[in-house]
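Chain by chain, the residues:
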Amino acid sequence: MSKLNDLSPYEQFLRDTFHADDAGLQRLQSEAEKAGLPAISIGPEQGKFLQVLVQLTGARKVLEIGCLGGYSGAWIARALPAGGKLISLELEEKHAAFTRKQWASLGLADKAEVRVGPALESLPGLADEAPFDLIFIDADKNNYPAYLEWALRYSRPGTVILGDNVSMGGRLADPDRQENPGIRGMRGFAEAMAGDARLVSTVVPYADGIAMAVVK
Ligand code: SAH
Ligand code: MG
């Protein structure tokens, strides 16, 4: 988060005016830090962006891959209508347990559910819940190409598919880093998304870059 919080005066104005965390989200983030969760969540600009997208698409069913402490999930779940549902996949039981507690105290327990396990093992079990209206990919980068395939399988025309951390902390196009599995995964994901005739896609340069596609 340190880079996320190193803002110019203009960026600080935008954050204060449009994107500020409320007390509940601030508490989630400070408790995540105390619990020793890695500080790798999205920032408030992206959280608000996800909310705008949920509203814009009228999403009722959202899938997240990579939950961590439930910060991005809280932004998403808060924007869902009554009866809407977020399913978030998470590898680490510790992260999932932290998230369940946070979502309950934010009043989101009926709207947001975390499922534990490697996402590639959880995804085949979600067929009955598909199609999703919005899918946010934010887990292990080497598996992003496979997550995109699952996202497409679980989509309908109009579904929005998002992938966080396209820039990989500025290393995506570093010629010395191209053999890194995470960089390879992210490049493969970006190229597959951009080249897929079923999608219209772009990258929104908030924070570490968020790829965004809509299914035609
Ligand atoms: N979306 C969260 C941040 C997610 S960080 C937010 O912005 O608030 C990435 C998360 O993906 C971590 O919690 C990590 O444990 C999880 N993860 C890593 N590999 C995974 C896998 N194979 N399946 C599911 N989750 C995984
Ligand atoms: Mg991320």
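Look above for the structure.
Structural notes, computed from the coordinates. (Residues numbered from 1 in each chain as written. Chains lettered and ligands numbered in written order. Predicted model: local features only at pLDDT ≥ 70, side-chain atom pairs only at ≥ 80, totals over all residues. Heavy atoms only, no water.)

Side note on the side chain of Ser 72
- Along the chain, Ser 72 turns up in helix 4 (residues 71–79).
- Classification of Ser 72 as buried rests on a relative accessible area of 5%.
- A distance of 2.5 Å separates the side chain of Ser 72 from the side chain of Glu 64, its partner in a polar contact.
- Look past the residues within four positions of Ser 72 in its chain and what remains in contact with it is Ile 42, Leu 50, Glu 64 and Phe 136. (Helix = DSSP H or I, 4+ residues; strand = E, 2+ residues; numbered from the N terminus. Buried < 20%, exposed > 50% of the residue type's maximum accessible area, 1.4 Å probe, protein only. Polar contact = N/O pair within 3.5 Å; in protein donor to acceptor, adjacent residues only side chain to side chain. Contact = heavy atoms within 4.5 Å.)

Let's talk about the coordination of the magnesium ion (ligand 2)
- Looking at the metal site, the magnesium ion (ligand 2) is ligated by Asp 138 (OD), Asp 164 (OD) and Asn 165 (OD1), spaced 2.1 Å from it.
- Counting residues between consecutive donors of the magnesium ion (ligand 2) along the chain gives the motif D-x25-D-N. Residues Asp 164 and Asn 165 agree in their burial class; the two are buried. (Donors = N, O, S within 2.8 Å, 3.2 Å for Na, K, Ca; no water.)

Some details on the nonpolar core
- Counting residues in hydrophobic clusters, the biggest one holds 34 residues, and the most contacted among them are Trp 103, Leu 134 and Leu 162.
- Elements represented by at least two residues in this core include exactly helix 2 (23–34), helix 3 (44–57), helix 4, helix 5 (93–105), strand 3 (112–116), strand 4 (134–137) and strand 5 (160–164).
- The element that contributes the greatest number of residues to this core is helix 4, accounting for six residues.
- If we skip the residues at most four places from it in the chain, Leu 162 touches Phe 49, Leu 50, Leu 53, Leu 134, Ile 135, Phe 136, Ile 137, Ile 210, Ala 211 and Met 212. (Core = buried A, V, L, I, M, F, W, Y, C linked by side-chain atoms within 4.5 Å.)

Looking at the pairing of strand 7 (residues 210–215)
- Bridge count between strand 5 and strand 7: five bridges; the pairing is antiparallel. Residue Leu 162 lies in a different strand from strand 7, and its bridge partner there is Met 212.
- Inspection of the sheet shows strand 6 (residues 199–204) paired to strand 7 by six bridges, in the antiparallel sense. When the sheet's bridge partners are listed, Val 204 is paired in strand 7 with Ile 210.
- Counting the residues in the hairpin turn of strand 6 and strand 7 gives five residues, including Ala 207, whose phi is positive at 50°. (Pairing = 2+ DSSP bridges.)

A few points about unusual backbone geometry
- Across the junction of Ala 130 and Pro 131, the peptide omega takes the value 0°, indicating a cis bond.
- Residue Met 168 is not a glycine yet carries a positive backbone phi of 50°.
- What makes Met 168 buried here is its relative accessible area of 10%.
- The backbone of Ala 207 shows a phi angle near 50°, a positive value even though the residue is not glycine.

Re the site of ligand 1
- Near ligand 1 you find 20 residues, and of these Ile 42, Gly 66, Glu 90, Ala 119 and Asp 138 are the closest.
- Between Leu 68 and ligand 1, the recorded distance is 3.4 Å, taken from a backbone N or O atom to an oxygen atom.
- Considering ligand 1 on its own, with 590 Å² of exposed area, one finds that the protein chains cover 90% of that surface.
- Classifying every residue of the shell around ligand 1 by side-chain character gives 10 nonpolar, five polar and five charged. (Near = heavy atom within 4 Å. Areas by Shrake-Rupley, 256 points an atom, 1.4 Å probe, with all protein chains shown as cover. Nonpolar A, V, L, I, M, F, W, Y, C, P; charged D, E, K, R; others polar.)

Overview of the sheet that holds strand 7
- Pairing within the open sheet is mixed, and its seven strands lie in the order 3-2-1-4-5-7-6. Looking at which strands have only one partner, the edges of the open sheet turn out to be strand 3 and strand 6. Here the strands of the sheet are splayed against their neighbours by 15° on average, with no regard to which way each runs.
- Running at roughly 165° to strand 3, helix 5 makes contact with strand 2 (85–90) and strand 3 of the sheet.
- Of the strands in this sheet, strand 4, strand 5, strand 6 and strand 7 are in contact with helix 8 (residues 181–195), which crosses strand 7 at around 30°. (Axes fitted to C-alpha atoms, helices over the stretch in contact; angles between N-to-C directions.)

Thoughts on the packing of helix 7 (residues 144–153) against helix 8
- Axis separation between helix 7 and helix 8 bottoms out at 7 Å; the angle between their running directions is 35°. When helix 7 is examined against helix 8, the residues Tyr 144, Pro 145 and Leu 148 are found in contact with a partner set consisting of Gly 185, Met 186, Gly 188, Phe 189, Ala 192 and Met 193.
- Its residues assigned to classes, the contact of helix 7 with helix 8 comprises seven nonpolar, two polar and no charged.

Examining the side chain of Glu 45
- Here Glu 45 is to be found in helix 3.
- According to the relative accessible area criterion, Glu 45 is buried, its value standing at 12%.
- At a separation of 2.7 Å, a polar atom in the side chain of Glu 45 contacts the side chain of Arg 15.

Geometry only, nothing functional implied.
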